[in-house]
Amino acid sequence: FARMFVQICLYFYCKCLWRCLKFVVRKLTGQCELQRICYNTKPGAARTMKIEASLKGSKSKRLQTSVSVHPDAIEKTIDDIMELKRINPDVNPQLGVSLQACLLQIVGYRNLIAEVEKLRREPYDSENPQHEEMLLKLWKCLKPNSPLKARISKQWCEIGFQGDDPKTDFRGMGLLGLYNLVYFAEWDTEIALQVLSDSLHPKYREVTKKELSQLSKAEWEKKKFDKAIGYSFAIVGINITDLAYNLLVCGALKTHFYNVAPEAPTLTHFQQTFCYLMHEFHKFWIEEDPLDIMEFNRVREKFHKRILKQLQNPEMALCPHFAASESLINM
């Protein structure tokens, strides 16, 4: 009870102290916290995440709810914020532009979670022509020179499904898993085909001189006869979809999306991130050189931790070649 009482007192003390500090800084600088953030932090995740924290931590309900408004109401919300903070938009025109860009990203991220969740919850339906069309499209992209002999066929195992009918493998991630795999195969075809080929015909990983110097003779003799381990391409794709989904929902991907999406992040940004994660996991799998497929969960968890660590850097962009960097300059 004493510990809880101390924690409560400390919480209220820090909260009051923080508000007093903000008040003093505003009086000294003549700028509110939102102005200081926008004027002193460059565009991207660092700025947007500070703006988001400031709005959520405000004592004003209007500011707290501004992070969850409809995209069409953002302009009106900016006007309300300027009015509430007594900021003249004619004197501070850039502030409105910067706040609008940040709110578009914040609101867009929330909407993206809802869109992704909707796809994840929608089960694959073999009676739905659109679902079937997407599944067949996946086959054509990955096996353009090998016609599918039947809808239910052992051929599906050639692209990494577990059985004769792929619909059973989508249970965990629903349509989201299929959407991601089709996007990867259609828009990043060269890498997708390479990853598929390597997963079916894994190559021996070359041992570096540094590794060789650290191996004993017995370990080297064993290493020479180790077989490189492959994996089921489609199943791993669905698993990496789960990883990307969890990164999105826990908020870890905010760093990446706020750095690459000049406005609201979209499903396309999420799918591009999935492509990146598939490629990076494939390289990571080869580097880890697992003894057998039973080590998959260990390798996946290690990969997950590495991505989370990277995303702790506010300047991190997992796949910067997708960024509209020129659009970010003028925010």
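Residues numbered from 1 in each chain as written. Predicted model: local features only at pLDDT ≥ 70, side-chain atom pairs only at ≥ 80, totals over all residues. Heavy atoms only, no water.

Caption draft 1: The state of the cysteines, seen in detail. Inspection of every chain in the model, using the stated rule, returns zero disulfides. Of all cysteine sulfurs, the one in C102 lies closest to C38, which takes part in no disulfide; the gap is 5.3 Å. We classify C38 as buried; its relative accessible area is 4%. Not engaged in a disulfide, the cysteine C275 finds its nearest cysteine sulfur in C319; these two sulfurs lie 8.4 Å apart. The exposure class assigned to C275 is buried, which follows from its relative accessible area of 2%. (Disulfide = S-S within 2.5 Å. Buried < 20%, exposed > 50% of the residue type's maximum accessible area, 1.4 Å probe, protein only.)

Caption draft 2: Expanded view of the packing of helix α2 (residues 33-40) against helix α3 (residues 45-56). Here α2 crosses α3 at 175°, and the two axes come no closer than 10 Å. Put simply, α2 runs roughly antiparallel to α3. Of the residues in α3, those in contact with E33, L34, I37 and C38 of α2 are R47, K50, I51, S54 and L55. Split by residue class, the contact of α2 with α3 holds five nonpolar, one polar and three charged. (Axes fitted to C-alpha atoms, helices over the stretch in contact; angles between N-to-C directions. Helix = DSSP H or I, 4+ residues; strand = E, 2+ residues; numbered from the N terminus. Parallel < 35°, antiparallel > 145°, perpendicular 65-115°, else oblique. Contact = heavy atoms within 4.5 Å. Nonpolar A, V, L, I, M, F, W, Y, C, P; charged D, E, K, R; others polar.)

Caption draft 3: Highlighting unusual backbone geometry. Despite not being glycine, R86 has its phi angle at roughly 55°, a positive value. With respect to the helices and strands, R86 occurs in the loop between α5 (74-84) and α6 (93-121). You can call R86 exposed: its relative accessible area is 77%.

Caption draft 4: Quick peek at the pattern of salt bridges. Under the counting rule described, the total for this entry stands at 18 salt bridges. Between E117 and R121 there is a salt bridge whose closest N-O contact spans 2.6 Å. One end of the pair, E117, and the other, R121, are both in helix α6, four residues apart, so they sit about a helical turn from each other. With a relative accessible area of 15%, E117 lands in the buried category. For E295, the salt bridge identified is with R298, shortest N-O distance 2.7 Å. The class for R298 is partly exposed, based on a relative accessible area of 39%. Linked through salt bridges whose partners overlap, the residues forming this network are E288, E295, R298 and K302. (Salt bridge = Lys/Arg side-chain N within 4 Å of Asp/Glu carboxyl O.)

Caption draft 5: Expanded view of the nonpolar core. Within the largest apolar cluster, 83 residues are counted, with the highest numbers of intra-cluster contacts made by I51, L138, L178, F270 and L277. Looking at which domains feed residues into this core, each of domain 2 (31-120) and domain 3 (128-330) supplies at least three. Those residues within four positions of L277 in sequence are excluded, and the remaining contacts are I240, L243, A244, L247, F303 and I307. (Core = buried A, V, L, I, M, F, W, Y, C linked by side-chain atoms within 4.5 Å. Domains from an automatic or database assignment.)

Caption draft 6: Summary view of helix α7 (residues 129-142). Over its 14 residues, α7 runs 20 Å from end to end, which matches the ideal 20 Å to within 8%, given 1.5 Å per residue. The complete set of buried residues in α7 reads H131, E132, M134, L135, L138, W139, C141 and L142. Looking at the buried side of α7, the elements it contacts are α8 (174-187), α9 (189-200) and α12 (233-249). For α7, the side-chain oxygen to backbone nitrogen distance between the N-cap and Q130 is 2.9 Å, and the N-cap itself is N128. (Expected span 1.5 Å × (residues − 1). Polar contact = N/O pair within 3.5 Å; in protein donor to acceptor, adjacent residues only side chain to side chain.)

Caption draft 7: Geometry of the environment of F284. Residue placement: F284 occurs in helix α14 (residues 267-288). On a C-alpha basis, the gap between F284 and F303 in space is 7.2 Å, while along the polypeptide they are 19 residues apart. The residues touching F284, leaving out its near neighbours within four places in the chain, are V299, K302, F303 and R306.

Caption draft 8: Spotlight on the packing of α8 against α14. Packing of α8 against α14 leaves a shortest axis separation of 9 Å and a crossing angle of 70°. By the angle between their directions, the pair α8 and α14 is classed as roughly perpendicular. Residues L176, Y179, N180, L181, Y183 and F184 of α8 form the contact with α14, whose participating residues are L267, T268, F270, Q271, Q272, F274, C275 and M278. Grouping the constituent residues of the contact of α8 with α14 by class yields ten nonpolar, four polar and no charged.

Caption draft 9: Representation of α5 within the structure. For α5, the set of buried residues is I74, T77, I78, I81 and M82. Across the axial projection of α5, the buried residues extend over an arc of 135°, all falling on one side. In α5, the exposed residues that point more than 90 degrees away from the buried face are E75, K76, D79 and E83. Of the surrounding elements, those touching the buried residues of α5 are α2, α3, α4 (61-64) and α6. Just past α5, the residue R86 takes up positive phi, approximately 55°. (Arc of directions from axis to C-beta.)

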